[in-house]
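# Coordinate inspection notes
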Amino acid sequence: MTTATAHPNIALIKYWGKQDAPGNIPVAPNVSITLSNLTTTTAISEHDRDEFWLNAEQVVDTKLEGFLADLRREFTIAPVKIESTNNFPTGAGLASSASGFAALITALNHHAKMRLDVATMSQWARRGSASAARSLMCGYVSLTPPAWRAEQVAAPAHWPLHVVVAVTSTVPKAIGSTDGMRISRDTSPYFPAWVATGASDFDDAVQAIAARDFDKLAAAAELSCLKMHSVMLTSVPTLAYWNPATVACMDAIRSLRAAGTAVFFSIDAGPQVKAICLPQHTDAVEQVLGQIEGVRETIRCALGDAAQVIRP
Ligand code: DP6
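### Details of the overall build of the protein
Scanning the protein from N- to C-terminus turns up eight helices and 14 strands. Relative to the compact-globule value of 20 Å for 312 residues, the protein shows a C-alpha radius of gyration of 19 Å, a close match. Overall, the C-alpha framework of the protein stretches about 60 × 40 × 35 Å when taken along its three principal axes. Here the protein holds 312 residues, and 54% of them are scored as buried. At a minimum sequence separation of 6, the contacts of the protein that also span at least 24 residues come to 75%.

The following block contains the structure:
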């Protein structure tokens, strides 16, 4: 049995929309931070047929089946039992598919002796779920053309930001990212503007990271998040992922920042709010978010490790 771990990542500049080509090629470059503390652990063992277990329940997962079928066109992989557990809510906008495919390719690479380097594993993870490409690495990680594999923009030690996740619901989302992106591309009148401005938002964020310019990163990241949600909300059917507590958290984070706390928000395809802050402000941010009605739990994260094999 081979066991690997990977952590979710939070996109500071979001990926929302695919090019018209196979392999989950994003419409624009994106950049994320890989988190600590939230972890997917995936064990692979030989079996008489493929079986997938998620959080101790057997599941049928067509994305996973397709991913394995693609891999088997290039590598010899005998039937496997894949047992994956998340120590955080699955499918509720906490990027479980990112850490899931990153942990899976890392474990499979070792188990099936595929001998892939991290960059190539990242490209394979992208074919499972594009955000997963970024969870192969630690720190600040970009996913950019032309190869569309993850690259580390900066190590965690360059700027050790913290993240407080405010969990406002643990119900799995009604429309997942893959379907949501297709709906947005086909129906939102704002989608072309989102694509056209993606590269300059990305450049702003990467410059801000290099210069450790918190205000610049806050502005770029919140703008990218709000643009993505504008596209989602103007899709038909509408993709409305926020609940009242989500909005209350955004307001609280804006008020904190106006009062001098270095914090900004990010929200993905779900109602959880991620507050990204300087470490000296983590206690204050967690205290404020924890008191908001509808916030069920807060989780503190630092910047986490790359995906890795923990038991060969
Ligand atoms: C909102 O990577 O889950 O979290 O490639 O279709 O599997 P697929 O989508 P996925 O989408 C992530 C979308 C996001 C933004 C982001 O992580 O960049």
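The rest of the description comes next.
### With respect to the sheet that holds strand S3 (residues 30–34)
With respect to topology, four strands assemble into an open sheet ordered S2-S3-S8-S9, the strand pairing being antiparallel. Of all the strands in the sheet, the pair left with one neighbour each is strand S2 (9–13) and strand S9 (149–154). This sheet shows a mean twist of 35° between the axes of neighbouring strands, independent of strand direction. As paired elements, S2 and S3 share four bridges and run antiparallel to each other.

### Some thoughts on empty space enclosed by the protein
Under the definition given, this model contains one cavity of 30 Å³ or more. Looking at the largest cavity, its volume works out to about 70 Å³. Contributing to the lining of the largest cavity are Ile13, Lys14, Tyr15, Trp16, Pro26, Val27, Ala28, Pro29, Trp194, Gly198, Asp201 and Ser224. Broken down by element, the lining of the largest cavity gets its largest block of residues, three residues, from helix H5 (residues 191–211). Per-class residue counts for the lining of the largest cavity are eight nonpolar, two polar and two charged.

### What about the packing of aromatic side chains?
Tallying each qualifying case throughout the model produces five aromatic pairs. Judged by centre distance (5.0 Å) and plane angle (70°), the ring pair of Phe67 and Phe101 falls under edge-to-face. Within this pair, whereas Phe67 is found in helix H1 (residues 62–72), its partner Phe101 is found in helix H2 (residues 96–111), the two being separated by 34 residues in sequence. Each member of the pair, Phe67 as well as Phe101, carries the same accessibility label: buried. With a centroid separation of 5.5 Å and an interplanar angle of 50°, the aromatic rings of Phe214 and Phe264 are classed as tilted. Here Phe214, found in helix H6 (residues 214–233), pairs with Phe264, found in strand S11 (residues 263–266); they are 50 residues apart in sequence, far enough to count as distant. Given a relative accessible area of 8%, Phe214 falls into the buried group.

### Thoughts on the domain arrangement of the protein
Each domain of the protein was delimited in the assignment, giving domain 1 (2–154) and domain 2 (158–301). Of note, the centres of domain 1 and domain 2, computed from C-alpha atoms alone, are 22 Å apart. Residue-level contacts link 32 residues of domain 1 with 49 residues of domain 2. Between domain 1 and domain 2, a total of about 3,100 Å² is buried, with carbon and sulfur atoms accounting for 74% of that surface. For domain 1, the biggest contributors to the area lost against domain 2 are Lys14, Trp16 and Tyr140; these three give 27% of the whole. The tally of links from domain 1 across to domain 2 stands at one salt bridge. Where domain 1 meets domain 2, there are nine residue pairs in polar contact (both at pLDDT 80 or more). Of all the secondary-structure elements, those providing two or more residues to the side of domain 1 that touches domain 2 are S2, S3, strand S8 (140–144) and S9. The element that contributes the greatest number of residues to the side of domain 1 that touches domain 2 is S2, accounting for four residues.

### Brief notes about the packing of H2 against helix H3 (residues 118–128)
In contact at an axis separation of 9 Å, H2 and H3 are set at 130° when each is read in the N-to-C sense. When the interaxial angle is binned, H2 and H3 end up oblique. Judged by the twist between their axes, the crossing of H2 over H3 is right-handed. Residues Phe101, Ile105, Thr106 and Asn109 of H2 touch H3, and the partners they reach there are Met121, Trp124, Ala125 and Gly128.

What counts and how
- Residues numbered from 1 in each chain as written.
- Predicted model: local features only at pLDDT ≥ 70, side-chain atom pairs only at ≥ 80, totals over all residues.
- Heavy atoms only, no water.
- Helix = DSSP H or I, 4+ residues; strand = E, 2+ residues; numbered from the N terminus.
- Rg over C-alpha atoms; globule rule 2.2 N^0.38 Å.
- Buried < 20%, exposed > 50% of the residue type's maximum accessible area, 1.4 Å probe, protein only.
- Contact = heavy atoms within 4.5 Å.
- Pairing = 2+ DSSP bridges.
- Axes fitted to C-alpha atoms, helices over the stretch in contact; angles between N-to-C directions.
- 1 Å grid on protein atoms, 1.4 Å probe; cavity = no way out; pocket = protein on both sides within 12 Å on 5 of 7 lines; lining within 4 Å.
- Points joined across faces, edges and corners; volume = space filled by probe spheres on them.
- Nonpolar A, V, L, I, M, F, W, Y, C, P; charged D, E, K, R; others polar.
- Phe/Tyr/Trp six-rings, centres within 6.5 Å; stacked < 30°, edge-to-face > 60°.
- Domains from an automatic or database assignment.
- Buried area = accessible area lost by both parts, 1.4 Å probe.
- Salt bridge = Lys/Arg side-chain N within 4 Å of Asp/Glu carboxyl O.
- Polar contact = N/O pair within 3.5 Å; in protein donor to acceptor, adjacent residues only side chain to side chain.
- Parallel < 35°, antiparallel > 145°, perpendicular 65-115°, else oblique.
- Left-handed = near helix turned anticlockwise from the far one by under 90°.

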